[in-house]
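# Examining the three-dimensional arrangement
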Amino acid sequence: QADAHVALKQLVQGSGLHILLLDETALSFSECQVIGSALISTSCGIVMLELANNEVHDDGVAVLCAGLERNTTVQYLDLAHNQITNNGVEIIHKCANQRSRQSAPLQQVWMEGNPGDESLYTGCMVNRRSAKTRITHEIDFYLT
């Protein structure tokens, strides 16, 4: 698993990728830690990070957002169909607000299909997949 974490960190940090799709890859807390720490790198050019249909919980959201708050490139974040509760939604709200104050806002965050109350995240985040159709034709890397 350590080799997989090293490879994942290298993908996020300096691979030149703009879109990283990790949909349905059984991501859990340890992978979220790797991704979150890699997002801090100045060589990270990821614009869209798709982590839908995994096992991301609130603790995973916390470590992802720790990296996202210091990242200026990620604009689209898909966390749909994970295990994120209202606590995780609040963490994402704080992260999104922090990014907006830094002039590096998250343009869209997808959260549908999580156990949290959907009304909590429809206020400041777009909960539709409309933009995904426009940008997924540029897929750089897709891991299944």
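A few points on the structure. (Residues numbered from 1 in each chain as written. Predicted model: local features only at pLDDT ≥ 70, side-chain atom pairs only at ≥ 80, totals over all residues. Heavy atoms only, no water.)

## A word on the overall build of the protein
Secondary structure summary: the protein contains 6 helices and 5 strands in total. Listed N to C, the secondary structure of the protein is α-β-α-β-α-β-α-β-α-α-β in terms of helices and strands. Counting across all 144 residues of the protein, residues that qualify as buried make up 47%. Restricting the contact set of the protein to residue pairs at least 6 apart, pairs at least 24 apart contribute 81%. (Helix = DSSP H or I, 4+ residues; strand = E, 2+ residues; numbered from the N terminus. Buried < 20%, exposed > 50% of the residue type's maximum accessible area, 1.4 Å probe, protein only. Contact = heavy atoms within 4.5 Å.)

## Digging into the nonpolar core
Soluble, globular proteins show a tendency: their nonpolar side chains are buried together. Counting 32 residues, the largest nonpolar core has V12, I35, L39, I46, L49, L51 and L79 as the members making the most contacts within it. Those elements giving two or more residues to this core turn out to be α1 (2-14), α2 (29-38), α3 (58-68) and α4 (86-101). Once you skip the residues sitting within four places of it in the chain, L39 turns out to touch V12, C44, L49, L64, G67, L68, N71 and V74. Counting residues in hydrophobic clusters, the runner-up holds 5 residues, among them L21, M48, Y76 and W110. (Core = buried A, V, L, I, M, F, W, Y, C linked by side-chain atoms within 4.5 Å.)

## Some words on the packing of α3 against α4
One way to put it is that α3 packs onto α4 with a least axis distance of 9 Å and a crossing angle of 5°. As far as their axial angle goes, α4 and α3 are roughly parallel. Between α3 and α4, the contacting residues are D58, V61, A62, C65 and L68 on the first element and N87, G88, I91, I92, C95 and R99 on the second. By residue class, the composition of the contact of α3 with α4 is 7 nonpolar, 2 polar and 2 charged. (Axes fitted to C-alpha atoms, helices over the stretch in contact; angles between N-to-C directions. Parallel < 35°, antiparallel > 145°, perpendicular 65-115°, else oblique. Nonpolar A, V, L, I, M, F, W, Y, C, P; charged D, E, K, R; others polar.)

## Some details on α3
Among all positions in α3, only D58, G60, V61, L64, C65, G67 and L68 are buried. Tucked inside the fold, the buried residues of α3 contact α2, β3 (76-78) and α4.

## Observations concerning α2
Taking burial as the measure, the 10 residues of α2 include 7 buried ones, the bulk of the element. Looking only at α2, the buried set comprises S30, E31, C32, V34, I35, G36 and A38.

## Details of the environment of V34
Here V34 is to be found in helix α2. Classification of V34 by relative accessible area gives buried; the value is 12%. Along the primary structure V34 and V6 are separated by 28 residues, whereas in three dimensions their C-alpha atoms are 8.2 Å apart.

## So, unusual backbone geometry
Positioned with a positive phi, N53 is a non-glycine residue whose angle comes to about 55°. Located in the positive-phi region is H81, a residue other than glycine, with phi close to 55°. In this structure, H81 sits in the loop between β3 and α4.

## Details of the packing of aromatic side chains
We describe a pair of aromatic rings using the distance from one ring centre to the other and the angle between the two ring planes. Under the counting rule described, the total for this entry stands at 1 aromatic pair. An angle of 25° between the planes, with centres 6.3 Å apart, marks the rings of Y76 and W110 as stacked. In this pair, Y76 sits in strand β3 while W110 sits in strand β4 (residues 108-110), placing the two residues 34 residues apart along the sequence. By relative accessible area, which is 14% here, Y76 ends up buried. Using a relative accessible area of 0% as the deciding quantity, one classes W110 as buried. (Phe/Tyr/Trp six-rings, centres within 6.5 Å; stacked < 30°, edge-to-face > 60°.)

Everything listed is a geometric property; what it means functionally is a separate question.
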